[in-house]
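This is what each chain is made of:
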Amino acid sequence: MGGRRVARPPARRLNGLPRQAAFAVLLVAALATGRAVEGLMPVDDETSAPFERTGGVGDRVETRWGDVEVTSVAGSTRISDPYGTVHVTGGVYVVVDWTYTAAGEPQVPAYVALRDTEGRVFRTSVERNPYSSGGAAQPGIPRQVAAAIEVPADAVAGARLVVTLETNPEDHRRDDIAVIDLGLTQDDADAWAASEETVEVAEPADGPEAAS
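Throughout what follows, the structure given in this document is the object of discussion. (Residues numbered from 1 in each chain as written. Predicted model: local features only at pLDDT ≥ 70, side-chain atom pairs only at ≥ 80, totals over all residues. Heavy atoms only, no water.)

Concerning the layout of surface pockets
Then step 1. What the second largest pocket holds in volume is close to 170 Å³.
Then step 2. What lines the second largest pocket is a set of 13 residues, among which Tyr 83, Val 126, Pro 130, Tyr 131 and Ser 132 lie closest to the centre.
Then step 3. For the lining of the second largest pocket, the residue count by class is eight nonpolar, three polar and two charged. (1 Å grid on protein atoms, 1.4 Å probe; cavity = no way out; pocket = protein on both sides within 12 Å on 5 of 7 lines; lining within 4 Å. Points joined across faces, edges and corners; volume = space filled by probe spheres on them. Nonpolar A, V, L, I, M, F, W, Y, C, P; charged D, E, K, R; others polar.)

Some words on the pattern of salt bridges
Then step 1. One pass over the full model with this rule turns up 10 salt bridges.
Then step 2. Glu 118 is paired through a salt bridge with Arg 120; the nearest N and O atoms lie 3.7 Å apart.
Then step 3. Note on Glu 118: relative accessible area 62%, which makes it exposed.
Then step 4. Residue classification places Arg 120 among the partly exposed residues on the basis of a relative accessible area of 28%.
Then step 5. Taking the shortest distance from any N to any O, the salt bridge between Asp 206 and Arg 143 comes out at 2.6 Å. On the criterion of sequence distance, the pair formed by Asp 206 in strand E11 (residues 205–206) and Arg 143 in strand E7 (residues 143–151) is long-range, its members being 63 residues apart. (Salt bridge = Lys/Arg side-chain N within 4 Å of Asp/Glu carboxyl O. Buried < 20%, exposed > 50% of the residue type's maximum accessible area, 1.4 Å probe, protein only. Helix = DSSP H or I, 4+ residues; strand = E, 2+ residues; numbered from the N terminus.)

A word on the sheet that holds strand E9 (residues 176–181)
Then step 1. Reading across the sheet, the five strands line up as E1-E9-E8-E5-E6 and stay open at both edges, with mixed pairing between neighbours. Each edge of the sheet is formed by a strand with only one pairing partner; in this case those strands are strand E1 (51–56) and strand E6 (121–123). If you compare each strand with its neighbour and ignore which way they point, the axes differ by 25° on average.
Then step 2. Relative to E6, strand E5 (residues 111–115) runs antiparallel, the two sharing three bridges. Residue pairing in the sheet places Ala 113 in a bridge with Arg 123 of E6. (Pairing = 2+ DSSP bridges. Axes fitted to C-alpha atoms, helices over the stretch in contact; angles between N-to-C directions.)

Overview of the nonpolar core
Then step 1. Of all hydrophobic cores here, the largest spans 30 residues; its most connected members are Val 94, Trp 98, Val 151, Leu 161 and Leu 182.
Then step 2. Listed by contribution, the elements that provide at least two residues to this core are strand E3 (66–80), strand E4 (86–102), E5, E7, strand E8 (160–164), E9 and helix H3 (186–194).
Then step 3. Of the residues forming this core, the biggest block, six residues, is contributed by E4.
Then step 4. Apart from the residues lying within four places of it in its own chain, the contact partners of Leu 182 are Val 57, Val 70, Val 73, Val 94, Val 96, Leu 114, Ala 159, Arg 160 and Leu 161. (Core = buried A, V, L, I, M, F, W, Y, C linked by side-chain atoms within 4.5 Å. Contact = heavy atoms within 4.5 Å.)

Details of the packing of aromatic side chains
Then step 1. If you walk through the whole model with that rule in mind, you get two aromatic pairs.
Then step 2. Measuring from centroid to centroid gives 6.0 Å for Trp 65 and Tyr 100, while their planes differ by 50°, and the two rings are tilted. Linking Trp 65 in the loop between strand E2 (61–62) and E3 with Tyr 100 in strand E4, this pair joins segments that are 35 residues apart in sequence.
Then step 3. Classification of Trp 65 by relative accessible area gives buried; the value is 0%.
Then step 4. The class for Tyr 100 is buried, based on a relative accessible area of 2%.
Then step 5. Between Trp 98 and Tyr 131, the ring centres sit 6.0 Å apart and the planes meet at 20°, which makes this aromatic pair stacked. Of this pair, Trp 98 sits in strand E4 while Tyr 131 sits in the loop between E6 and E7, and the two are 33 residues apart along the sequence. (Phe/Tyr/Trp six-rings, centres within 6.5 Å; stacked < 30°, edge-to-face > 60°.)

In short, the description is geometric, and any link to function would need to be established separately.
If you want it as structure tokens, here you go:
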């Protein structure tokens, strides 16, 4: 006797839809879900932004890599760097004396800049804007340092000192940076833009005596 043939049932359809239509529905649903999740997640710029530790003149600003304290601020159109070279500007030199105390291991803040109220950033440089760190500072030992930064007169009022370890801003992501409000006003800007008094930029020095 011959075997009885059993007919195979037709391929099942998802919710009564042909296979191609069902795939299209699933694809649209997946894309919609992805957009919804993306909307709930913070944008990349926010998640990778540095952590700003803020303060004012005389405040000890604590960061992951050490403490920063601005002790004084001066300004003029003329400065004398630690090597005795005089620099003259048509704008303003802002000279910031500050103390750095390393935490955990010997380190040096390599990025030092002024940021104005419009977000413009003016960094120290070898040629025009002297800053000497004195090399890696030993943990727990205060180091007195100074930075002179040339800026336009309209960048003085409201300027902030920005300090961190890495020289490349791309490396500041998700790291601590010290941001200190220097308390500068338009009166300071006007007076310094008219001043021809030479302000000396001090050499770095270690120890509590230097920081006092």
